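Remarks on the overall topology
For reference, the chains in residue letters:
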Amino acid sequence: MDYKAMGLRIRQRRKDLHMTQETLARSSDVSASYVGHIERGLKHCSLDTFVMICNALKVSPEALLKESVPVDRPDLTDGLSDPEVEMLIDIVGVMRKYHNAKKRPRGV
């Protein structure tokens, strides 16, 4: 996972919305310094925090993850620890749930 690339997309989206790190931090229930670390790719956030960031930025997980997970490798889990594999599985599940929710008509 390319956390620096993902962090840059988070930062760019935040700036596009004219949002400060402090505002994003409050919406995501983390500190502003932690947001800065995430944006620079220095720290990895939990899946819950990632989803809160997506919601605060009004963006899909796919938009923030694109090109961060290599797709040309036959086995994306090579070299990952068990917790990293679990996180990747959780991220895919969240993305599928979000995608399916977007396809449903409103009020269903």
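Let us look at the structure shown here.

Calculation criteria
- Residues numbered from 1 in each chain as written.
- Predicted model: local features only at pLDDT ≥ 70, side-chain atom pairs only at ≥ 80, totals over all residues.
- Heavy atoms only, no water.
- Helix = DSSP H or I, 4+ residues; strand = E, 2+ residues; numbered from the N terminus.
- Buried < 20%, exposed > 50% of the residue type's maximum accessible area, 1.4 Å probe, protein only.
- Contact = heavy atoms within 4.5 Å.
- Areas by Shrake-Rupley, 256 points an atom, 1.4 Å probe, with all protein chains shown as cover.
- Axes fitted to C-alpha atoms, helices over the stretch in contact; angles between N-to-C directions.
- Parallel < 35°, antiparallel > 145°, perpendicular 65-115°, else oblique.
- Left-handed = near helix turned anticlockwise from the far one by under 90°.
- Nonpolar A, V, L, I, M, F, W, Y, C, P; charged D, E, K, R; others polar.
- Core = buried A, V, L, I, M, F, W, Y, C linked by side-chain atoms within 4.5 Å.
- Disulfide = S-S within 2.5 Å.
- Expected span 1.5 Å × (residues − 1).
- Polar contact = N/O pair within 3.5 Å; in protein donor to acceptor, adjacent residues only side chain to side chain.
- Salt bridge = Lys/Arg side-chain N within 4 Å of Asp/Glu carboxyl O.

All right, on to the overall build of the chain then. A count of helical and extended segments in the chain gives 6 helices and 0 strands. Going residue by residue from the N terminus, the α and β elements of the chain occur as α-α-α-α-α-α. For the chain, buried positions account for 31% of its 108 residues. Sequence separation of 24 or more characterises 63% of the internal contacts of the chain that already satisfy a separation of 6 or more. When the accessible surface of the chain is split by element, carbon and sulfur atoms take 53% of a total near 7,100 Å².

Further remarks concern the packing of helix H1 (residues 3–16) against helix H4 (residues 47–57). Taken N-terminus to C-terminus, the directions of H1 and H4 make an angle of 30°; their axes are 10 Å apart at the nearest point. Overall, the two elements H1 and H4 adopt an arrangement that is roughly parallel. Seen from above, H1 lies across H4 with left-handed handedness. Where H1 approaches H4, its residues Met 6, Ile 10, Arg 13 and Arg 14 are matched on the opposing element by Phe 50, Ile 53 and Leu 57. The residue makeup of the contact of H1 with H4, split by class, is 5 nonpolar, no polar and 2 charged.

Within the largest apolar cluster, 19 residues are counted, with the highest numbers of intra-cluster contacts made by Met 6, Ile 10, Leu 24, Phe 50, Ile 53, Leu 57 and Leu 64. Residue contributions to this core peak at 6 residues, all from H4.

With that settled, consider the state of the cysteines. Inspection of every chain in the model, using the stated rule, returns 0 disulfides. Left without a disulfide partner, Cys 45 is nearest to the cysteine sulfur of Cys 54, which lies 8.3 Å away.

Turning next to H1. In this model H1 runs 20 Å from its N-terminal to its C-terminal C-alpha over 14 residues, within 8% of the 20 Å that 1.5 Å per residue would give. Here H1 has its buried residues at Tyr 3, Ala 5, Met 6, Gly 7, Arg 9, Ile 10 and Arg 14. For H1, the N-terminal cap is Asp 2; the gap from its side-chain oxygen to the backbone nitrogen of Lys 4 is 3.3 Å. With its phi angle positive at about 55°, His 18 sits one or two positions after the end of H1.

Glancing now at the side chain of Arg 14. By secondary structure assignment, the location of Arg 14 is in helix H1. In terms of polar contacts, Arg 14 uses its side chain to reach the side chain of Glu 39, at 2.6 Å. Sequence-distant contacts of Arg 14, defined by excluding residues within four places in its chain, comprise Met 19, Thr 20, Gln 21, Leu 24, Glu 39 and Leu 57.

Pairing between side chains of opposite charge can happen when the charged atoms of each approach one another. Evaluation of the coordinates by the stated rule reveals 2 salt bridges. Glu 39 serves as the salt-bridge partner of Arg 11, at 3.1 Å between the closest nitrogen and oxygen. Residue Arg 11 is located in helix H1, and its partner Glu 39 is located in helix H3 (residues 32–39); the two are separated by 28 residues in the primary sequence. Using a relative accessible area of 0% as the deciding quantity, one classes Glu 39 as buried. Among the salt bridges present, the one from Glu 39 reaches Arg 14, with a minimum N-O distance of 2.6 Å.

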